[in-house]
Amino acid sequence: MNVPFFNLRRQYDNIKTEIDTAFSDVLERTDFVNGKAITDFEKSFAEYNNVKHCSCVTNGTIALHLSLLALGVSPGDEVILPVNTFIATAEAVSHCGATPVFADVNEDDYCMDTESFKKAITNKTKAVIPVHLYGHPVDIEELLNISLGHGIDVVEDCAQAHGATVNGKKVGSFGKLGAFSFYPSKNLGAYGEGGAILTDDEELLLLIKNLKDHGSIQKHKHELVGYNYRMSGLQGASLSVKLKYLDEWNYRRIEIAHRYCKNLSDLPIKLQICQEGRKHVYHLLVAQVNDRNGVIDKLKQKGIGAGIHYMSPLHLTEAYNRIGYKKGDFPVAEEISDRIISLPMFPELRNDEIDYVCYTLRDILNEK
Ligand SMILES: *Cc1c(COP(=O)(O)O)cnc(C)c1O
């Protein structure tokens, strides 16, 4: 049997008629940039997350970049973020000319470690970007308390956690701003690039609307030097269709995670834990095993796709190892980076496929 790590085709087959109609509506109206499909989606996504405002932008990296710009992050400032995340989180800081400052992660839920975050705070710290990694929400309430005490702004990186909650409240609604990616493989993904920023703050919203559209909200009036960071109308249309299914899809992801967990419970494999009071939406199903690379090779031989998120903590990547960090600075992230494996996870994954992955893993792990 072949089990893909990820497959978008199955989802498209299930919603093809609705997607095709939504695309065709945009084509008929010819509002390819901004327009009704965007404003409709912004309204629904704000409502879904229970925040006042949503503004769509080109992608998730830009959502983070614009959020930091709106908060005034600039050269000389420091922004703290977890060292185990996708590189985009750090790039957004660098794009403002500010310095990314890394914090270590927890060994069991892989999110930013609160103690390490506290140690990273200096008088230059302007903001923090907690990442709800793999779909598991960080301890955002504790983090907000600490940040408020130090006058640090919080921008949530929700790129992997659409629909996740902490004590019933959606991620992206805690910080000053919440940044989302709609890259096709995310829990809520477009049919191309997409992103959005959530906020309750009217002033920040206006600044973001200005910045993303050449410093202009009113035609012919340019208040500041901005960017072209808009989202395509077709993406707005596809996202409005898919938002209706998000809860159902997340529910299925949770079901899949439980099935993996049950099937693998007696094996030497450690799954990410879900902390009390938090709804984990399993963007990825990440586990730790010995001889990770060997396990991936053997899975591949049996037709099973697997991934690594992420191969290298950011301070050891070529892009960021020149800012003064060294091996040994973030022991937890360094240790897990050699052990983590991401198993197939997407809502359309079938039970027989999950069972085949688990059965194969059992063989591989027992062999050792
Ligand atoms: C995907 C992702 C991003 C960037 O989103 P893009 O839409 O690809 O630019 C940022 N942060 C995290 C944690 C991500 O997974």
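Describing the overall build of the protein
At step 1: Per the secondary structure count, the protein includes twelve helices and 13 strands.
At step 2: Taking the principal axes of the C-alpha coordinates as reference, the protein spans close to 70 × 55 × 35 Å.
At step 3: Each of the 368 residues in the protein was classed as buried or not, and the buried ones make up 57%.
At step 4: When contacts within the protein are restricted to residue pairs at least 6 apart in sequence, long-range pairs at least 24 apart make up 71% of them.
At step 5: As displayed, the protein offers around 15700 Å² of accessible surface, 50% of which is attributable to carbon and sulfur atoms.

With respect to the packing of aromatic side chains
At step 1: All told, the structure shown has 15 aromatic pairs when counted by the stated rule.
At step 2: Ring centres of Phe6 and Phe346 lie 6.0 Å apart, and the angle between their planes is 80 degrees; this geometry places the pair in the edge-to-face category. In this pair, Phe6 is assigned in the segment before α1 (9–29) and Phe346 in the loop between β13 (340–343) and α12 (351–367), connecting sequence segments 340 residues apart.
At step 3: With a centroid separation of 6.4 Å and 10 degrees between ring planes, the pair formed by Phe45 and Tyr48 is classed as stacked. Taken as a pair, Phe45 and Tyr48 lie in helix α2 (residues 36–49) at a separation of three residues, close to a single helical turn.
At step 4: Residue Phe45 is classed as buried on the basis of its relative accessible area, which comes to 0%.
At step 5: Between Lys169 and the ring centre of Phe174, over which it is positioned, the NZ or CZ distance is 4.9 Å.
At step 6: One cation-aromatic arrangement involves Lys170 over Tyr48; the distance from NZ or CZ to the ring centre is 4.0 Å.

Re a nonpolar patch on the surface
At step 1: Residues Leu27, Phe32 and Val33 make up a contiguous nonpolar surface patch of about 270 Å² in total accessible area.
At step 2: One can find Val33 in the loop between α1 and α2.

Here we look at the domain arrangement of the protein
At step 1: Under the domain assignment, the protein is made up of domain 1 (8–243) and domain 2 (246–367).
At step 2: The straight-line distance from the C-alpha centre of domain 1 to that of domain 2 is 24 Å.
At step 3: Across the domain 1/domain 2 interface, buried area totals approximately 3800 Å², and carbon plus sulfur atoms make up 56% of it.
At step 4: Per-residue buried area on domain 1 facing domain 2 is highest for Arg10, Tyr134 and Asn187; these three make up 20% of the total on that side.

Side note on the site of the ligand
At step 1: Taken together, 14 residues lie around the ligand, and Gly60, Thr61, Asp157, Ser181 and Lys186 are the ones closest in.
At step 2: One of the backbone nitrogen or oxygen atoms of Gly60 is found 2.8 Å away from an oxygen atom of the ligand.
At step 3: Here the ligand has 380 Å² of accessible area as a free molecule, and 93% of this is covered by the chains.
At step 4: Elements represented by at least two residues in the shell around the ligand include exactly α3 (60–70) and α4 (88–95).
At step 5: In the shell around the ligand, the residues fall into four nonpolar, eight polar and two charged.

The rules behind these values
- Residues numbered from 1 in each chain as written.
- Predicted model: local features only at pLDDT ≥ 70, side-chain atom pairs only at ≥ 80, totals over all residues.
- Heavy atoms only, no water.
- Helix = DSSP H or I, 4+ residues; strand = E, 2+ residues; numbered from the N terminus.
- Buried < 20%, exposed > 50% of the residue type's maximum accessible area, 1.4 Å probe, protein only.
- Contact = heavy atoms within 4.5 Å.
- Areas by Shrake-Rupley, 256 points an atom, 1.4 Å probe, with all protein chains shown as cover.
- Phe/Tyr/Trp six-rings, centres within 6.5 Å; stacked < 30°, edge-to-face > 60°.
- Lys NZ or Arg CZ within 6 Å of the ring centre and 35° of its normal.
- Patch = residues over 30% accessible without salt bridge, like charges linked within 9 Å, V, L, I, M, F, W, Y side chains within 5 Å.
- Salt bridge = Lys/Arg side-chain N within 4 Å of Asp/Glu carboxyl O.
- Domains from an automatic or database assignment.
- Buried area = accessible area lost by both parts, 1.4 Å probe.
- Near = heavy atom within 4 Å.
- Polar contact = N/O pair within 3.5 Å; in protein donor to acceptor, adjacent residues only side chain to side chain.
- Nonpolar A, V, L, I, M, F, W, Y, C, P; charged D, E, K, R; others polar.

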